[in-house]
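Descriptive structure summary
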Amino acid sequence: MRKSLLMFLFCLMTVGIALSCREEKSAGEKIEDGVEELGEDIEDGVEEVEDAVEDVADDH
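Residues numbered from 1 in each chain as written. Predicted model: local features only at pLDDT ≥ 70, side-chain atom pairs only at ≥ 80, totals over all residues. Heavy atoms only, no water.

- The name given to the protein chain in an unreviewed UniProt entry is YtxH domain-containing protein, with Maribacter flavus as the source organism.

Given below as structure tokens:
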């Protein structure tokens, strides 16, 4: 019983330490990441439109 309790406490402390070591992003970093993702999505959309235009031009 005592070993089980000690193992449980050890696991709980390990999880607590692992979660506390995570790097937290500031609001500015989150915004910057969002803007970068949006830019990439826009570029992907532009490439799809270009491909569609080229397909239509090839058909005519």
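Structure's up, so let's keep going.
Description of the overall build of the protein chain
- The helix and strand inventory of the protein chain stands at two helices and zero strands.
- Seen along its three principal axes, the alpha-carbon backbone of the protein chain occupies a region of about 80 × 30 × 10 Å.
- Counting across all 60 residues of the protein chain, residues that qualify as buried make up 0%.
- A total of about 5900 Å² of accessible surface is found on the protein chain, and carbon and sulfur atoms cover 62% of it.
- Each charge class in the protein chain was averaged separately, 5 positive and 19 negative side chains, and the resulting centres sit 35 Å apart. (Helix = DSSP H or I, 4+ residues; strand = E, 2+ residues; numbered from the N terminus. Buried < 20%, exposed > 50% of the residue type's maximum accessible area, 1.4 Å probe, protein only. Areas by Shrake-Rupley, 256 points an atom, 1.4 Å probe, with all protein chains shown as cover. Lys, Arg positive; Asp, Glu negative; His and termini not counted. Charge placed at Lys NZ, Arg CZ, Asp CG, Glu CD.)

Details of the UniProt feature "signal peptide" (unreviewed entry) in the protein chain
- Those places that UniProt annotates as "signal peptide" (unreviewed entry) correspond, in this numbering, to residues 1–20.
- Helix makes up 95% of residues 1–20 and strand 0%. Its end C-alpha atoms lie 29 Å apart. (UniProt positions renumbered as here; feature names shortened; annotations may be inferred.)

A look at helix H1 (residues 2–20)
- Between its terminal C-alpha atoms H1 stretches 27 Å, which fits the 27 Å expected from 19 residues at 1.5 Å a residue.
- Counted residue by residue, H1 has zero buried out of 19 residues, so it is predominantly exposed. (Expected span 1.5 Å × (residues − 1).)

Re a nonpolar patch on the surface
- Together, Leu-5, Leu-6, Phe-8, Leu-9 and Leu-12 make up an exposed nonpolar region whose accessible area comes to about 510 Å².
- Position of Phe-8 among the secondary structure elements: in helix H1.
- Exposure remark for Phe-8: the relative accessible area of 53% places this residue in the exposed category. (Patch = residues over 30% accessible without salt bridge, like charges linked within 9 Å, V, L, I, M, F, W, Y side chains within 5 Å. Salt bridge = Lys/Arg side-chain N within 4 Å of Asp/Glu carboxyl O.)

Quick notes on the environment of Ile-17
- Assignment of secondary structure puts Ile-17 in helix H1.
- Take Ile-17: its relative accessible area is 54%, and that puts it in the exposed class.
- On a C-alpha basis, the gap between Ile-17 and Leu-38 in space is 34 Å, while along the polypeptide they are 21 residues apart.

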